[in-house]
Amino acid sequence: MTGIANAYMDSSPIIAITGQVATPFIGKDAFQEIDITGITLPITKTNYLVLETKDLARVIKEAFHIAQFGRPGPVLIDIPKDIFQNKADYYYPEKVDLPGLRLKLHGHPAQIKRASDLINKAERPVIIGGRGVIISQAYNEFKELVEKAQIPVVTTLLGIGCFPETHVLSFGWMGMHGMAYANKAIDEADLIIAVGMRFDDRATGIVSSFAPKARIIHIDIDPAEIGKNVRVDVPIVGDISSVLRNLNKEIVQHNHIDWIQQLEEWRLEHPALDIRDCAELLPQYVIRQIYHATNGDAIIVTGVGQNQMWAAQYFFYNKPNSLVSSGGLGTMGFELPGAIGAKIGRPEETVWCIAGDGGFQMTIQELATVAQEDIDIKIAILNNGYLGMVRQWQELFYERNYVGVTLSGPDFVKIAEAYGIPAMRVTSKLEVPAAISKAMSHKGAFLIDFVVEPEENVFPIVPPGAALVEYLEMPKKPLAIPSTKPR
């Protein structure tokens, strides 16, 4: 259920096949009967209860089509035991027959013209790139818009990887733990071009204060998202790649030198990605060292909480779709099975699993899958002995009233070795580069338990109920490790 809900929130196309009691027992509260289609109705695009074996081929064809159609998402097929066992003539249809399923791909020409007029006249525009850019694989069209109009780009958390983060027009990601200068850009913009994002509350802060000076263009394939959370001046419903191709034809060459310079000044004033100089082993330092060791050429799969935010902040993502994480549902334990899936889907890529010591224990049993299937992933546990993000909230907003956040934790090294996976523990920052290098050079899975500073917090943070620019920043301390983006 959690996996299905996660896929629904993050627009991931999956097919869930569940086994049901035999058809004569349905509705009788039989042993192990659950109304799974009723339960999953709110978290699937559609679901099926198959009552005839001859319908299986058609249902499976339709399910795969619907899961990938328009805005992707999960579809569930519930198959009773006797339907599994029965025989029927097999015929797999060449195409689906779903006349009610329609999709707007190209965007309305009049709305595209209105959008281009606003973009051509804007003085302080900002483009927000969301996960829709990645789903549509509209990387080239998106980059063409950015560079042709010379507009600074910020992304959502799940939009990371839709635009190279070391590009001169990239200004990080926005939201609760996004860059302060990205949030300031949103607040001061006179035009927002939101591309494939849904204005989630963690991205916008309090909606009444979001982009108060800006007109808003919203491009999305799902009409239900237009105007749902934020007022929109120009809605465009369509596939991102198609809409941007048409929009780019209407955009004139431009530059916004003064505006971009202002953002650069904010970046210098609010160096959100610096790592302070200290003797302790900081989790931010671990992430940065993984970035240097991989040269950014890796797929990073995270858990949820502090480890997720640090992985998003301190690794620079230039490759498309190179950050895999749970956004809408915030599913702890996502990291290990997610990394397994990423490696199976992209076996030629280096895959790093970034985990917290709390979330990792929720799916730690999948180390058995890693060992049994010989899956070559590298696992970095940021072990601070806490449910870190919950502890941080209790510190900042609940007077350090720590309840239910302390973790004794197992010996992760021994557990990995019990599965036959080599592992090591790192307690000093001096050991970090060598440990990462050892993991990278090992052919096969490798786990590193990084024992990091226990009460390190994620900054910036926009407190709940606050505007994007009402962020808290890291207390001022001496800095020795500059984080100026590589150019």
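Residues numbered from 1 in each chain as written. Predicted model: local features only at pLDDT ≥ 70, side-chain atom pairs only at ≥ 80, totals over all residues. Heavy atoms only, no water.

A.B. asks: So what exactly am I meant to see when it comes to the overall build of the chain here?
C.D. replies: For the chain, the count of helices and strands is 18 helices and 17 strands. A globule of 487 residues ought to have a C-alpha radius of gyration of about 23 Å, and the chain, at 24 Å, matches this closely. Referenced to the eigenvectors of the C-alpha coordinate spread, the extents of the chain come out at roughly 70 × 65 × 45 Å. Looking at the chain alone, contacts between residues at least 24 apart form 74% of all its contacts between residues at least 6 apart. Roughly 21700 Å² of accessible area belongs to the chain as shown, and the carbon and sulfur atoms make up 53% of that amount. Placing the 45 positive and 56 negative side-chain charges of the chain at their respective mean positions leaves the two points 4 Å apart. (Helix = DSSP H or I, 4+ residues; strand = E, 2+ residues; numbered from the N terminus. Rg over C-alpha atoms; globule rule 2.2 N^0.38 Å. Contact = heavy atoms within 4.5 Å. Areas by Shrake-Rupley, 256 points an atom, 1.4 Å probe, with all protein chains shown as cover. Lys, Arg positive; Asp, Glu negative; His and termini not counted. Charge placed at Lys NZ, Arg CZ, Asp CG, Glu CD.)

A.B. asks: Is there a simple way to explain empty space enclosed by the protein in this structure?
C.D. replies: Leftover empty space is mapped by rolling, across the atoms, a probe with the size of a water molecule. Per the counting criterion, the structure on display carries one cavity of 30 Å³ or more. Forming the boundary of the largest cavity are 11 residues, of which Glu165, Gly172, Met179, Leu273 and Phe316 lie nearest the centre. Those elements that provide at least two residues to the lining of the largest cavity are strand S6 (170-173) and helix H13 (306-314). With three residues, the top contributor of residues to the lining of the largest cavity is S6. Here the residues of the lining of the largest cavity are counted per class, giving six nonpolar, three polar and two charged. (1 Å grid on protein atoms, 1.4 Å probe; cavity = no way out; pocket = protein on both sides within 12 Å on 5 of 7 lines; lining within 4 Å. Points joined across faces, edges and corners; volume = space filled by probe spheres on them. Nonpolar A, V, L, I, M, F, W, Y, C, P; charged D, E, K, R; others polar.)

A.B. asks: Explanation requested: the sheet that holds strand S5 (residues 153-155) in the structure shown.
C.D. replies: Strand pairing in a sheet relies on backbone hydrogen bonds, with the paired strands running either antiparallel or parallel. With parallel pairing, six strands are arranged side by side in an open sheet as S6-S5-S4-S7-S8-S9. Here the strands that pair on one side only, and so sit at the sheet edges, are S6 and strand S9 (234-237). Strand-to-strand, the axes of this sheet are offset by a mean angle of 15 degrees, without reference to chain direction. Where strand S8 (residues 215-220) and S9 come together, four bridges link them in parallel fashion. (Pairing = 2+ DSSP bridges. Axes fitted to C-alpha atoms, helices over the stretch in contact; angles between N-to-C directions.)

A.B. asks: What exactly am I supposed to notice about the sheet that holds strand S14 (residues 378-383) here?
C.D. replies: On the basis of which strands lie adjacent, the open sheet formed by six strands has the order S12-S11-S13-S14-S16-S15 and parallel pairing. Sheet topology places strand S12 (323-324) and strand S15 (423-426) at the edges, where each strand pairs with a single neighbour. Bridging between S14 and strand S16 (residues 446-451) involves six bridges; their strand directions are parallel. When the bridges of S16 are listed, Ala380 appears paired with Ile448. Contacting strand S13 (351-356), S14, S15 and S16, helix H18 (residues 432-441) crosses the sheet at an angle of about 165 degrees to S16.

A.B. asks: Is there a simple way to think about unusual backbone geometry in this case?
C.D. replies: In this model, Phe459 is joined to Pro460 through a cis peptide bond whose omega is -5 degrees. Residue position: Pro460 is located in the loop between S16 and strand S17 (479-481). Phi is positive for Gln150, close to 55 degrees, though the residue is something other than glycine. As for its placement among the helices and strands, Gln150 is situated in the loop between helix H7 (139-149) and S5. Classification of Gln150 as partly exposed rests on a relative accessible area of 25%. Of note, Asp374 is a non-glycine position whose phi angle comes to about 55 degrees, a positive value. Here Asp374 shows up in the loop between helix H15 (367-372) and S14. Classification of Asp374 by relative accessible area gives exposed; the value is 62%. (Buried < 20%, exposed > 50% of the residue type's maximum accessible area, 1.4 Å probe, protein only.)

A.B. asks: Mind showing me how you'd approach the confidence of the model for the chain here?
C.D. replies: Detailed reading of the predicted coordinates is not advisable wherever pLDDT is low. For the chain, per-residue confidence averages 95 on the pLDDT scale, and 98% of positions sit at 70 or higher. In the predicted structure, residues 478-487 sits below a pLDDT of 50 and forms 31 contacts with residues beyond four places in sequence or in another chain. (pLDDT = per-residue confidence, 0-100.)

A.B. asks: In this structure, what is going on with the pattern of salt bridges? I would like to understand it.
C.D. replies: Note that side chains of opposite charge can pair when their charged atoms are close. Going through the model one piece at a time under the given rule, you end up with 23 salt bridges. For Asp222, the salt bridge is made with Arg71, and the minimal N-O distance between the two is 2.9 Å. Taken together, the residues span a long stretch of sequence, with Asp222 in the loop between S8 and S9 and Arg71 in the loop between helix H3 (56-68) and strand S3 (75-80) at a distance of 151 residues. The salt bridge involving Glu455 is made with Arg400; its shortest N-O contact spans 2.8 Å. One end of the pair, Glu455, is in the loop between S16 and S17; the other, Arg400, is in the loop between helix H16 (388-397) and helix H17 (412-418), and 55 residues separate them in sequence. For Glu455, a relative accessible area of 30% translates into the label partly exposed. With a relative accessible area of 43%, Arg400 lands in the partly exposed category. Several salt bridges share partner residues, and in doing so they unite Lys54, Asp55, Arg58 and Glu62 into one network. (Salt bridge = Lys/Arg side-chain N within 4 Å of Asp/Glu carboxyl O.)

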